[in-house]
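# A closer look at the structure
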Amino acid sequence: MRFAIGDTDFLLDGQPHRVLSGAIHYFRVHPDLWADRIRKAKLMGLNTVETYVAWNAHEATPGTFDFTGGLDLGRFLDLVAAEGMHAVVRPGPYICAEWTNGGLPFWLFTDGTVGIRRDEPQFLAAVGRYLDALAPILVPRQIDAGGPIVLVQVENEYGAYGSDPVYLQKLERMHRDIGLTVPFTSVDQPMDSMLEDGSLPSLHKTGSFGSRSAERLARLRQAQPTGPLMCSEFWDGWFDSWGEHHHTTPAAASAEDLDVLLAAGGSVNIYMFHGGTNFGFTNGANDKGVYRPIATSYDYDAPLDEAGRPTDKFHAFRQVIARYAPVPELPPTMQPGGSGRLAMHDDGREARPAPAGDVAVRLDRVVPLASLLPTITSWTTHETPPTFDELGAASGFVLYRTEVDLPEGGVLTVAEEVRDRVLVSLAGRPVGVLEREHHDRAIALPPATGLLELLVEDQGRVDYGPRIGEPKGLVGAVRVDDDVLTHWTVSPLALDPLPDAAVAVLRGAPASAGETLAGPAFASGTFDLPASGATLDRYLALDGFRKGVAWVNGFCLGRYWSRGPQGTLAVPGPVLRAGRNEVVVLEVHAAASRTVCMCVEPELGHTEA
């Protein structure tokens, strides 16, 4: 089959074709749930699935690529094809996506000489290596080779960042040189000169917007007089940041804008069809004068919620799509009011698991962070505090230590910036917190002699704008009054995954009474699930906990924070099992309760800090 760009339409084997796509990021969804989410996209009436490719997830260290498990892009695309759907692939190299560092590997920035997103030899060489690694996955899965891929996007909203046509030309050529033959696209907001700055005549321009469809399409047509109109990011919701409200968009209003877009003959990629979750430490951040880390949930108020259930928006969009294209019949569980679950027997019949109920879990084993450090640290010594990047730490936590003698106390100051949050303790006692969000750089220390410890958390690397790629940790010299502190012992904390030795210490700890918990500390507990419904998606509610990280059966769910907006962490069904299950929590402050809940329903709303 052939896919091409005609004067007015996309052409599938020479016939007019409308792309009805929805975004599903494979790296934000448990791989055992990919098929379920893809099938539900088809049930809404979509014929295409779109995904970014997260370069930094695949090449965490230079030259070593991982395309296994949850990063098996080839398998994801094969599942799209198995549903009889097409695929749009957006390899970047920059993707934004509210993903840490916008998808760019942190190690690109460590020596400060690589010119990002421009015509710079070192950057282009690294991109070339990345594209070469993608070639065996993407090239044989193009539509003209019998695969699902019909479009590939070059760069991402480049017009909002720069206007370097030489860079775009070289990047386009590199995509062609690995064997990609399908049409190439660009995407930009139809505002100002972004469409022109972010593309080339050889790239088919598409727009990104979520409202005022007629106006946006008119601007797109002005920038590109011929060819099919396409909104390749139709924003049907928005992402959440910690401390802000949960963003929602009325289903009726979004459906109306979608109707206007389709009535104009446009093609669409709904961003997001299913948002998923920023598991582990993968969330990005924004900094436009104030640092704002992205929440763990990437629910996005999408048609399919974080647990893969259809929302009102799913049914509203499906009704709109049905006016322009055939839609499949919905099974009973996908009808309004149904469970939204599509568990299948081996023979293809739908299985209906028993309804699940909330399960209370007491975390009866508690181990202070200090006691677990031998199992999660690898110490090195430094005269001055190194950044995360100099330590080879992409994310998470780093512990900095040095001895001090402060008979009269003093004021600790970080010279340039805290990135992003520091728990300060002295001689085993907590002193306070430094927060980048508040532009904190100084804190008063009490009189004491002993070990000064700074537990630094990277809360998410900036994914948009000029601060992409900045180093994490303590930036600049650390002083107490006028004296520069030296002789540091430093280690990243190995948390994703937790080492077996750490888990063994937790399991061997004696059960303890009481409900409160003083952090930083790990707490763990077990619970049982019946065989029926054991693997349904759930949510971990941590009422009474303040801030930290949680795991279920060794799978890192990500960060929690009592300031909201999310009050629960998504637990993918495949992580759970019939019989005994285990919850582990790292609480960095304190908890008023040691009982958590494996809940059926999420809590996504505004919570006061």
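Not measured: the values here are computed from a predicted model.

Helix and strand counts for the chain come out as twelve helices and 37 strands. Against the compact-globule benchmark of 25 Å for 609 residues, the chain has a radius of gyration of 25 Å, which places it among compact chains. For the chain, the spread of C-alpha atoms along the three principal axes comes to 80 × 55 × 40 Å. Per-residue burial over the chain gives 60% buried out of 609 residues. Across the chain, every contact between residues at least 6 apart in sequence was considered, and the portion connecting residues at least 24 apart equals 77%. Summed over its atoms, the accessible surface of the chain is roughly 22400 Å², and 52% of this surface lies on carbon and sulfur atoms. The chain carries 51 positive and 77 negative side-chain charges, and their two centres are separated by 3 Å.

What follows is about the pairing of strand S31 (residues 538-541). Side chains of S31 alternate between two faces, with Arg538 and Leu540 and Tyr539 and Ala541 buried alike. Taken together, the four bridges between S31 and strand S34 (residues 568-571) define a ladder with antiparallel strand orientation. Considered in S34, the bridge of Tyr539 is made with Ala570.

This next bit is on the side chain of Arg141. Locating Arg141 in the fold gives a position in the loop between helix H4 (121-138) and strand S7 (149-153). What makes Arg141 buried here is its relative accessible area of 19%. Here Ile137 takes part through its backbone oxygen, which lies 3.0 Å from a polar atom of the side chain of Arg141. Not counting chain neighbours up to four residues away, the residues in contact with Arg141 comprise Gly74, Leu77, Asp78, Pro136, Gly147, Pro148 and Ile149.

Its place among the elements puts Arg28 in the loop between strand S4 (20-24) and helix H1 (34-43). Judged by relative accessible area, Arg28 falls into the buried class, the value being 1%. For the pair Arg28 and Ile5, spaced 23 residues apart in sequence, the C-alpha to C-alpha distance is 31 Å. Once residues within four sequence positions are removed from consideration, Arg28 is found in contact with Ala97, Glu98, Trp99, Gly275, Gly276, Thr277, Asn278, Phe279 and Tyr298. Of note is the side chain of Arg28, whose polar atom sits 2.7 Å from the backbone oxygen of Ala97. At a separation of 2.8 Å, a polar atom in the side chain of Arg28 contacts the side chain of Asn278.

Pro93 follows Gly92 through a cis peptide bond whose omega is 15 degrees. Assignment of secondary structure puts Pro93 in the loop between strand S6 (86-90) and H4. Residues Tyr271 and Met272 are joined by a peptide bond in cis, for which omega reads 5 degrees. Within the secondary structure, Met272 sits in strand S11 (residues 267-274). At Ala97, a residue that is not glycine, the phi angle is positive and equals roughly 60 degrees. Residue position: Ala97 is located in the loop between S6 and H4.

With that out of the way, let us pick up the sheet that holds strand S1 (residues 3-5). Here we have three strands laid out as an open sheet, ordered S1-S2-S3, and antiparallel in their pairing. Looking at which strands have only one partner, the edges of the open sheet turn out to be S1 and strand S3 (15-17). Within the sheet, the average angular offset between the axes of one strand and its neighbour, ignoring direction, is 40 degrees. Two elements, S1 and strand S2 (residues 10-12), share three bridges in a ladder whose sense is antiparallel. Residue pairing in the sheet places Ile5 in a bridge with Phe10 of S2.

For the rest of this paragraph, the subject is the pattern of salt bridges. Under the counting rule described, the total for this entry stands at 40 salt bridges. Arg219 is paired through a salt bridge with Glu196; the nearest N and O atoms lie 2.9 Å apart. Of the two residues, Arg219 sits in helix H7 (residues 213-223) while Glu196 sits in helix H6 (residues 194-197), which places them 23 residues apart along the sequence. Under the relative-accessibility criterion, Arg219 is labelled buried at 16%. Owing to a relative accessible area of 36%, Glu196 belongs among the partly exposed residues under this scheme. The closest approach of N and O atoms between Arg436 and Asp420, which form a salt bridge, is 2.7 Å.

All right, on to the environment of Asn47 then. With respect to the helices and strands, the residue Asn47 is situated in the loop between H1 and strand S5 (48-52). Asn47 sits 33 residues away from Gly14 along the chain, and the two C-alpha atoms are 17 Å apart. Those residues in contact with Asn47 that lie beyond four places of it in its chain are His17, Arg18, Val19, Leu20, Met85 and His86. A polar contact of 2.7 Å, which involves the side chain of Asn47, links it to the side chain of Thr48.

Scanning all chains against the criterion turns up one disulfide. One disulfide in the model links Cys597 with Cys599; its S-S distance is 2.5 Å. The sign of the 135 degrees torsion about the S-S bond sets the Cys597-Cys599 disulfide as right-handed. In this structure Cys597 comes out as buried when scored by relative accessible area, which is 17%. Here Cys556 is not cross-linked by a disulfide; its sulfur's nearest cysteine counterpart is in Cys599, at 19 Å. Since its relative accessible area comes to 4%, Cys556 is described here as buried.

Under the criterion given, the structure shown has 27 aromatic pairs. Here the aromatic rings of Trp34 and Phe76 are separated by 5.5 Å at their centres, their planes lie at 85 degrees, and the arrangement is edge-to-face. With Trp34 in helix H1 and Phe76 in helix H3 (residues 73-82), this pair connects stretches of sequence that are 42 residues apart. For Trp34, a relative accessible area of 1% puts it in the buried group. Connected via pairs of aromatic rings, a cluster forms that spans Tyr52, Trp235, Trp238, Phe239, Tyr271, Tyr298 and Tyr300. Across the ring face of Tyr161, the terminal group of Arg117 is positioned such that the distance to the ring centre comes to 4.2 Å. A cation over a ring is seen here: Arg176 above Phe184, with NZ or CZ 3.5 Å from the ring centre.

Definitions and cut-offs
Residues numbered from 1 in each chain as written. Predicted model: local features only at pLDDT ≥ 70, side-chain atom pairs only at ≥ 80, totals over all residues. Heavy atoms only, no water. Helix = DSSP H or I, 4+ residues; strand = E, 2+ residues; numbered from the N terminus. Rg over C-alpha atoms; globule rule 2.2 N^0.38 Å. Buried < 20%, exposed > 50% of the residue type's maximum accessible area, 1.4 Å probe, protein only. Contact = heavy atoms within 4.5 Å. Areas by Shrake-Rupley, 256 points an atom, 1.4 Å probe, with all protein chains shown as cover. Lys, Arg positive; Asp, Glu negative; His and termini not counted. Charge placed at Lys NZ, Arg CZ, Asp CG, Glu CD. Pairing = 2+ DSSP bridges. Polar contact = N/O pair within 3.5 Å; in protein donor to acceptor, adjacent residues only side chain to side chain. Axes fitted to C-alpha atoms, helices over the stretch in contact; angles between N-to-C directions. Salt bridge = Lys/Arg side-chain N within 4 Å of Asp/Glu carboxyl O. Disulfide = S-S within 2.5 Å. Phe/Tyr/Trp six-rings, centres within 6.5 Å; stacked < 30°, edge-to-face > 60°. Lys NZ or Arg CZ within 6 Å of the ring centre and 35° of its normal.

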